[in-house]
Amino acid sequence: MSHVQWLEEFDNRMGKAAERVRFFHAPGRVNLIGEHIDYNGGLVLPAALHIGTTLMIRPRQDQWVRLASLQFPETGEASIHALPEAKADVWTDYVYGVMQELAVDNKPVRHGYDILITGNIPNGSGLSSSASLEVVVGYALMTMEGYAIDRTKLAVLSQRAENGFVGVNSGIMDQFAVSQGKKDHAILLNCDTLAYEHVPFQIQGYKLVIGNTKKRRGLVDSKYNERRSQCEAALAVLKTVHPELEYLAHLSPDAFEQAKEAIEDETVSNRAQHVVYENERVKQSMTALSQGDLKVFGELMNASHMSLRDLYEVSCTELDVMVEAALAIEGTLGSRMTGAGFGGCTVSLVKEEAVPAFIEGVGAHYEEKTGITPEFYVCEVGDGVHECSHEATITEV
Ligand code: ADP
Ligand code: MG
């Protein structure tokens, strides 16, 4: 749709008014490598995608905030003086949650607005449509209200909205990547200290292909909590050898090899091994990417998948089938599950010419083995949240 058609859509839903409609966009994100180590003091390497969430906003003369989305039938209407205090289990929770957190940060929304959302991130697939929504809402409202924006604070505030109002216990990586993303760069992030660095992600001749297994993630919360307590158990034992050790991921592979015998439980030892080596792989990825060595980066992606599958045990048949099929395609440099696991998406680095064969070959093989029709998204690494110029076109949903 053209910009003019979007404006017509806005007027159809919200009614006409003299004030200008402004457009904002926040990306989705994919984690390139560094999985399940954020809560172990490790480094993650996410990147913002070009698919994302677009928000159209127009000031109102009264105190009402009115909300609509092209992807969901529910609408919202709330007075800025009496925001809902409890969630209603609809998408508008994310918006009210962010508004509440803005007020906590002394940046209350002081005017009424009409807001229309549209997005093209598949929901619930681990590409963070929720973080994208939160961050675009926060950024747009702060811009409209004339507040200075600190992107790291915006990420933290959005995460608080998701943890608190919405009640989903997620880490900071998603909101951080959505907020701080940079075109053709990945973000090296320490989720504990929020220290970060933009790492060039120059993949000329190659494409990032995201494969959606369409497998619904079940039991993720209990498995996640189990992994966390196993990591705590490993840390407690390793502390008897290295009393100064604060986080598992701070241990070097060499130090781990020397100390690992202290861990009697094999499962716990495997979990720790994943964390230590995955963190090392993130560092090696950074070097490889800075040198433009995509082959090495691909190999690190493959090693990451095997470790998540065999040592951390957070993969599933669907993810494994998709990764295996991806690696069978000539032109695939690397492929791995991305996100929490047990379903969701894979990310692969594929030679540009091979992308059609990849989508067809992996799709057919996956469907034959699992009976599920997957989806593929050929992604560009885009910018973090921003206001769009009036000429900007919105990606078709
Ligand atoms: P993920 O973040 O992995 O995509 P979540 O379950 O955390 O999955 O978030 C998905 C939810 O975010 C949706 O169910 C909806 O409530 C909200 N959301 C995402 N995109 C939109 C959109 N375009 N319009 C309205 N709500 C959205
Ligand atoms: Mg989410």
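Keep in mind the model is a prediction, meaning the values are calculated, not measured.

Calculation criteria
Residues numbered from 1 in each chain as written. Chains lettered and ligands numbered in written order. Predicted model: local features only at pLDDT ≥ 70, side-chain atom pairs only at ≥ 80, totals over all residues. Heavy atoms only, no water. Helix = DSSP H or I, 4+ residues; strand = E, 2+ residues; numbered from the N terminus. Rg over C-alpha atoms; globule rule 2.2 N^0.38 Å. Buried < 20%, exposed > 50% of the residue type's maximum accessible area, 1.4 Å probe, protein only. Areas by Shrake-Rupley, 256 points an atom, 1.4 Å probe, with all protein chains shown as cover. Lys, Arg positive; Asp, Glu negative; His and termini not counted. Charge placed at Lys NZ, Arg CZ, Asp CG, Glu CD. Pairing = 2+ DSSP bridges. Contact = heavy atoms within 4.5 Å. Disulfide = S-S within 2.5 Å. Expected span 1.5 Å × (residues − 1). Polar contact = N/O pair within 3.5 Å; in protein donor to acceptor, adjacent residues only side chain to side chain. Axes fitted to C-alpha atoms, helices over the stretch in contact; angles between N-to-C directions. Parallel < 35°, antiparallel > 145°, perpendicular 65-115°, else oblique. Left-handed = near helix turned anticlockwise from the far one by under 90°. Nonpolar A, V, L, I, M, F, W, Y, C, P; charged D, E, K, R; others polar. UniProt positions renumbered as here; feature names shortened; annotations may be inferred. Core = buried A, V, L, I, M, F, W, Y, C linked by side-chain atoms within 4.5 Å. Near = heavy atom within 4 Å.

1. Describing the overall build of the protein
Helix and strand counts for the protein come out as 11 helices and 13 strands. Relative to the globule expectation of 21 Å for 397 residues, the C-alpha radius of gyration of the protein, 22 Å, shows essentially globular dimensions. Summarising its shape, the C-alpha atoms of the protein cover approximately 70 × 50 × 40 Å along the three principal directions. By residue count, 56% of the 397 residues in the protein fall in the buried class. With the model as given, the accessible surface of the protein reaches about 16700 Å², and the carbon-plus-sulfur share is 48%. Where the 34 positive side-chain charges of the protein centre and where its 55 negative ones centre are 3 Å apart.

2. Side note on the sheet that holds strand 8 (residues 196–200)
Within a sheet, neighbouring strands are paired by backbone hydrogen bonds and run either parallel or antiparallel to one another. Pairing is antiparallel across the open sheet formed by 3 strands, whose spatial order is 2-7-8. The strands lining the two open edges of the sheet, one partner per strand, are strand 2 (43–44) and strand 8. Pairing of strand 2 with strand 7 (residues 185–190) involves 2 bridges; the strand directions are antiparallel. If you follow V44 over to strand 7, its bridge partner there is L189.

3. Some thoughts on the environment of R217
When you line up the elements, R217 lands in the loop between strand 9 (206–212) and helix 6 (220–241). Taking the C-alpha atoms as reference points, R217 and V323, separated by 106 residues in sequence, lie 17 Å from one another. Residues contacting R217, with those up to four places away along its chain left out, are G124, S125, G126, G341, F342, G343 and G344.

4. Here's the deal with the state of the cysteines
Within this structure, the stated rule accounts for 0 disulfides. Free of any disulfide, C316 has its nearest neighbouring cysteine sulfur in C345, separated by 11 Å. Note on C345: no disulfide assigned, nearest cysteine sulfur contributed by C379 at a separation of 9.0 Å. For C345, a relative accessible area of 0% gives the class buried.

5. Focus on helix 4 (residues 151–166)
The first and last C-alpha atoms of helix 4 sit 21 Å apart over 16 residues, in line with the 22 Å expected at 1.5 Å per residue. Of all the residues in helix 4, the buried ones are T152, L154, A155, L157, S158, Q159, A161, E162, F165 and V166. The inward-facing, buried residues of helix 4 abut helix 2 (92–104), helix 3 (129–145), helix 5 (173–180) and strand 8. Of the residues flanking the start of helix 4, the one acting as N-cap is D150, its side-chain oxygen 2.9 Å from the backbone nitrogen of T152.

6. Here we look at the packing of helix 3 against helix 5
Direction vectors running N to C along helix 3 and helix 5 enclose 55°, while the axes themselves pass 9 Å from each other. Here helix 3 lies oblique to helix 5, going by the angle between them. Classified by chirality, the crossing of helix 5 by helix 3 is right-handed. Contacts between helix 3 and helix 5 pair A131, S132, E134 and V135 from the former with D174, Q175, V178 and S179 from the latter. Looking at the contact of helix 3 with helix 5 residue by residue, the class counts come to 3 nonpolar, 3 polar and 2 charged.

7. Some remarks on the side chain of S158
Tracing the chain through its elements places S158 in helix 4. Owing to a relative accessible area of 0%, S158 belongs among the buried residues under this scheme. Every residue in contact with S158, bar those within four places of it in the chain, is listed here: E134, V135 and Q175.

8. Comments concerning the pairing of strand 11 (residues 345–351)
With 6 of 7 residues buried, strand 11 lies mostly within the body of the structure. Relative to strand 11, strand 9 runs antiparallel, the two being bridged by 7 bridges. Counterpart to N212 in the pairing with strand 11 is C345. Bridging between strand 10 (residues 332–338) and strand 11 involves 6 bridges; their strand directions are antiparallel. In the strand pairing of strand 11, T332 is matched with V350. In sequence, strand 10 turns back onto strand 11 through a hairpin of 6 residues, with G339 there showing a positive phi of about 95°.

9. Points about the UniProt feature "site: Transition state stabilizer" (unreviewed entry) in the protein
Sequence positions flagged by UniProt for "site: Transition state stabilizer" (unreviewed entry) are, in local numbering, R29. Once residues within four sequence positions are removed from consideration, R29 is found in contact with P46, A47, A48, L49, G126, L127, S128, M173, D174, A177 and V178.

10. Quick notes on the nonpolar core
Within soluble globular proteins, side chains that are nonpolar tend to cluster in buried spots. Ranked by size, the top nonpolar core spans 58 residues in total, and within it L208, I210 and F297 carry the most contacts. Excluding anything up to four places from it in sequence, I210 contacts V30, L49, L127, C345, T346, V347, E375, F376, Y377 and C379. By size, the runner-up hydrophobic cluster in this structure holds 38 residues, among which are Y94, Y139, Y147 and L154.

11. Considerations on the site of ligand 1
For ligand 1, the set of nearby residues contains 17 residues, the closest of which are S69, Q71, G124, S129 and S130. Here a nitrogen atom of ligand 1 and a side-chain polar atom of N123 are 3.3 Å apart. A distance of 2.9 Å is found between an oxygen atom of ligand 1 and a backbone nitrogen or oxygen belonging to G124. In isolation ligand 1 has 560 Å² of accessible area, and contact with the protein removes 82% of it. Looking at the shell around ligand 1, the elements with two or more residues in it are strand 6 (113–119) and helix 3. Among the elements that take part in the shell around ligand 1, helix 3 stands out by supplying 3 residues, more than any other. Among the residues making up the shell around ligand 1, the classes are represented as 6 nonpolar, 10 polar and 1 charged.

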